[in-house]
Amino acid sequence: MPPKKRPPAPNSNSALTSFGFTAKKTKIEELGSENLGLALATGSQAPTSSTDAVTVATTTSHHDVAGPGALTHDDVEEELDEDEEPVETGSGSGTAMMELEHHRLPKNWGLSQWRSWKERNPWLCASECGLGCAACQAAKTLLLHDKKTGMHISDAWVNGTVSSPLQKQLRKKIYLHRDSLAHKRAVEIADLKQKDVLPNKVEEMSSAFIDVTSSSFRAAYTVAKERLPYSKMTPIMKLNELNGAKVGPAHRSDHSCAAIVEHVADEMKKRLVSHVLALDSRISITLDESTVHGRSYMIIYMRCDVTGNGDVENDFLDIVELEKGDAASIYNALKDSLQKVGIEAEFLKRNFISIATDGAAVLTGRHTGLIQKLQQDFPKLQGVHCLAHRLELAVTDSLKVVSGCNHFEIFISKLHSLYHQSTKNAKELEKAAVELNMQILKIGKVFTIRWVASSFRTVKAVVKDFPVLANHFRMASEDDSRTGVERTKYGGLLKHLISTGFLLDLAVMKDVLRELQGLSLRLQRRDTSLVDASRYVHQTIEVLSEYKIHAGITSGQFKGVVLRETQPKINKPQFYQSILDNLRKRLPDSELIAMLKPLDQHFWPSERSDVVLFGEREVGRFAKLLGESSTEAIEEFRDWKLQGSQGKILNKLIVACHTVLPTSAECERGFSACNDTDDKTRNRLRAPSLAALLFIDLNGPPIEKFNPVPFVLSWLKKGHRTSASWIPGPRPQPAESRAVWSVLSP
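Here the structure is a predicted model, which means the values were calculated and not measured. (Residues numbered from 1 in each chain as written. Predicted model: local features only at pLDDT ≥ 70, side-chain atom pairs only at ≥ 80, totals over all residues. Heavy atoms only, no water.)

Caption draft 1: Looking closely at the overall build of the protein. Within the protein, the secondary structure is distributed over 34 helices and nine strands. In the protein, buried positions account for 48% of the 746 residues. Put simply, of all contacts in the protein between residues at least 6 apart along the chain, 73% involve residues at least 24 apart. With an accessible surface of roughly 37,300 Å², the protein has 51% of that area assigned to carbon and sulfur atoms. (Helix = DSSP H or I, 4+ residues; strand = E, 2+ residues; numbered from the N terminus. Buried < 20%, exposed > 50% of the residue type's maximum accessible area, 1.4 Å probe, protein only. Contact = heavy atoms within 4.5 Å. Areas by Shrake-Rupley, 256 points an atom, 1.4 Å probe, with all protein chains shown as cover.)

Here it is, written out as structure tokens:
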């Protein structure tokens, strides 16, 4: 029996564009925002595996895809004999040679065999990874959006990875895909595109995709901004859906939330760094090392002009896990972190002007400390020992010198233990406050590792609660239900509390700590510069010098409580003098501060004759340190002093002056946020996830000012799907119903 003849092949000179498809891969990255919608709706971003797709095409109509020129399963056996021809290697015409050179054919297929299959199935394309379907690739996004029951979208055909070592198996896969519902729907979409019916639908659907995906991005951003676990993404999306917001089936899980948060943080960080690099802004860095849940982390902040208008601020940059706590590990981690965000060594040599750290030897050591290692790479880098930490050291030194301070500290510690270790005593104190119609403040510890402001709050609480404490001690000392030892203890506490000596000590501590608290808070402010900090220190020294000569309470009553005469244990003049001496010793004006002072008008002389040559040498040195012309800087500085005009170089010096960080307090705030974010109620976060959460939390705009659209577009350009995409697998089951729900929520 003669073999069955195929119908004549259609004209093979036309391209696949007769189906409305392009033969080349269209990258979303190459599209403008006005064309992005078309790419999203048609799925024209082909997978990378099909970059070299074979694009030989014919003029066969869409309905001919499974028509006369295509084979059915009954034709398989007959085609086995016809199609099994050897692979063509070196012979043939010049055109065939060119096609063989540019095309990558399926394994064991010859060129004529491939062209024969392409004539019958124009949607076929081939790459290094295998066969693919151009129709399904082009309509992928719409297929996911319009997915119907029983429609299975083959990732292998979409990605161009269909392969088989046997030709028979490969042909069978082609037949099965040709007859699938998803492929037929892709061909229908191609018909619509060819008839120009699709563009309006594309524009409408692309806008809908972005809106739906934006809802997911806002939810993930809220999770990061409010320091919530990733698992809260699911109920937030459900709440949005119940409130009528446009939400899709995808991007509802904790994994999706983590991916979105990391993407948004990465894009924000790129924008920040690229903007700083474009402005060529000078930067200061502050860092600190701490332990979070048993793991050592280093947090990094950058201070710079972020707008080019002199708007200097502190921005969280990164948090990295340290393998070791030595200077070499910290140095390598800092260098890797800066390089990862795009800050290269050449930029740092020009613009890295200072680094602020606490006094740890691993950071400030003269021979092997971090600053010493950095100055080997950047010789002009200035190191700043945190002034807030220096202030704490000055207070500690004074407490060690003045002997009476330890008695005061012991008594305050007894009050703290008395009411924090016994709920009975705390309730009795509240009862005593009610009898006096007063509100009590919480009594904490004093002179601990916390900032001096914490000690001031404790002393302030004792002063405010003084009558309540006296009333409670009196009642407890007369309470017959207590043992004799307890009554004696409370009687001794009352005796010490109402003594004029203790009250004088309390007044001295309150006056000193109030001023030191104000200084500490000023030093920790985000907008405080190194020159501002120096001015605040000198002002505090002047105020405490005046307090030294003032007398306090000597006798009588205090807040209605009769006092008994005793001598104070703290020598007031000695204590004040010790504080003043240690402030001058621990917080002197460094050489860097001396260079920066002339750039602050607060330090200018009052007489014009003294202003003429004031500060010119220091300004020249600072300009030379920054690599600017010292001669031009001095001339512009002189014009500023005498005429009030500021030149370009002088403006750079002033901005650089404000860029120098006085403290590392920003790192302390960062670790507080880190502890709130990575708390013990959630799984331990990876360092990149933790860094992304902190970047959004500490740097990102408030939720109402967050625009998710640019981040959605960059998300889609990277090949991620929209929130409207179909999600395979079983749907989450609703919670098990309870009878009480009908009563609680009718």
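Caption draft 2: Quick peek at helix α18 (residues 404-420). Taking 1.5 Å per residue, 17 residues should reach 24 Å; α18 reaches 25 Å between its end C-alpha atoms and fits that length. Buried within α18 are the following residues: Gly404, Cys405, Phe408, Phe411, Ile412, Leu415, His416, Leu418 and Tyr419. One face of α18 carries all of its buried residues, which in axial projection span an arc of 165 degrees. (Expected span 1.5 Å × (residues − 1). Arc of directions from axis to C-beta.)

Caption draft 3: Representation of unusual backbone geometry. One non-glycine residue, Asp280, lies in positive phi territory at about 55 degrees. Looking at the element boundaries, Asp280 is found in the loop between α12 (254-279) and β3 (283-292). For Asp280, a relative accessible area of 33% corresponds to the partly exposed category. In this structure, Lys559 takes a positive phi of about 55 degrees despite not being glycine. Along the chain, the position of Lys559 falls in the loop between β8 (557-558) and β9 (561-562). With relative accessibility at 45%, the residue Lys559 sits in the partly exposed group.

Caption draft 4: Local environment of the nonpolar core. Among the nonpolar cores identified, the biggest contains 88 residues, and Phe408, Leu469, Phe473, Leu516, Phe575, Leu583 and Phe622 are the most heavily contacted of them. Residue contributions to this core peak at ten residues, all from helix α23 (residues 500-524). Excluding residues within four positions of it along the chain, Leu583 makes contact with Leu391, Ala394, Leu516, Ile541 and Leu544. Grouped together as the second largest cluster of nonpolar side chains are 75 residues, Val264, Val276, Ile330 and Phe706 included. (Core = buried A, V, L, I, M, F, W, Y, C linked by side-chain atoms within 4.5 Å.)

Caption draft 5: Representation of the confidence of the model for the protein in the model. Scored by pLDDT, the protein has a mean of 80; 81% of the residues are at 70 or more. In the model, residues 1-102 has pLDDT below 50 throughout and makes 182 contacts with residues more than four positions away in sequence or in other chains. Within the model, the stretch residues 198-203 combines pLDDT values under 50 with eleven contacts to residues more than four positions away or in other chains. (pLDDT = per-residue confidence, 0-100.)

Caption draft 6: Structural view of the sheet that holds β3. The sheet built from five strands is open, its strands ordered β5-β4-β3-β6-β7 with mixed pairing. Each end of this open sheet is capped by a strand with a single partner; those strands are β5 (312-321) and β7 (382-385). Each adjacent strand pair in this sheet contributes to an overall mean axis angle of 25 degrees, direction not counted. In terms of strand pairing, β3 meets strand β4 (residues 295-305) through ten bridges, oriented antiparallel. (Pairing = 2+ DSSP bridges. Axes fitted to C-alpha atoms, helices over the stretch in contact; angles between N-to-C directions.)

Caption draft 7: Inspection of the packing of helix α29 (residues 630-643) against helix α30 (residues 648-659) at higher detail. Where α29 contacts α30, the two axes come as close as 8 Å, and the packing angle between them is 90 degrees. Taken together, α29 and α30 sit at an angle that is classed as roughly perpendicular. Contacts from Glu632, Ala633, Glu636, Phe637 and Trp640 in α29 reach Lys648, Ile649, Leu650, Leu653 and Ile654 in α30. A per-class count over the contact of α29 with α30 returns seven nonpolar, no polar and three charged. (Parallel < 35°, antiparallel > 145°, perpendicular 65-115°, else oblique. Nonpolar A, V, L, I, M, F, W, Y, C, P; charged D, E, K, R; others polar.)

Caption draft 8: Looking closely at the packing of aromatic side chains. Applying the stated rule across the entire model yields 15 aromatic pairs. Ring centres of Trp604 and Trp640 lie 4.9 Å apart, and the angle between their planes is 70 degrees; this geometry places the pair in the edge-to-face category. Here Trp640 lies in helix α29 and Trp604 lies in the loop between α26 (591-596) and α27 (608-611), a separation of 36 residues in the sequence. Residues Trp604 and Trp640 agree in their burial class; the two are buried. Grouped by ring-pair contacts, the aromatic residues Tyr221, Phe706 and Phe711 constitute a single cluster. Of note, Lys489 hangs over the ring of Tyr490, and the distance from its end group to the ring centre comes to 5.2 Å. (Phe/Tyr/Trp six-rings, centres within 6.5 Å; stacked < 30°, edge-to-face > 60°. Lys NZ or Arg CZ within 6 Å of the ring centre and 35° of its normal.)

Caption draft 9: Focus on helix α25 (residues 572-586). The end-to-end C-alpha distance of α25, which contains 15 residues, comes to 21 Å, matching closely the 21 Å that a straight helix rising 1.5 Å per residue would cover. Taken together, the buried positions of α25 are occupied by Phe575, Tyr576, Ser578, Ile579, Leu580, Asn582 and Leu583.

Caption draft 10: Representation of the pairing of strand β6 (residues 352-357) in the model. The buried count for β6 comes to six of six residues, which makes it a mostly enclosed element. Two strands pair when backbone bridges link them, and β3 and β6 are joined in this way by four bridges, in the parallel orientation. Bridge assignment links Ile283 to a residue of β6, and that residue is Phe352. As paired strands, β6 and β7 are joined by four bridges and run parallel to one another. From the neighbouring strand, Ile355 faces β7, where its bridge partner is Gly383.

Caption draft 11: Looking closely at the pattern of salt bridges. Enumeration over the complete set of coordinates arrives at 28 salt bridges. For the salt bridge of Asp479 with Arg482, the shortest nitrogen-to-oxygen distance reads 3.8 Å. Assessed through its relative accessible area of 24%, Asp479 is described here as partly exposed. A cluster of three or more residues bridged by salt bridges with shared partners is formed by Asp266, Glu267, Lys270 and Lys718. (Salt bridge = Lys/Arg side-chain N within 4 Å of Asp/Glu carboxyl O.)

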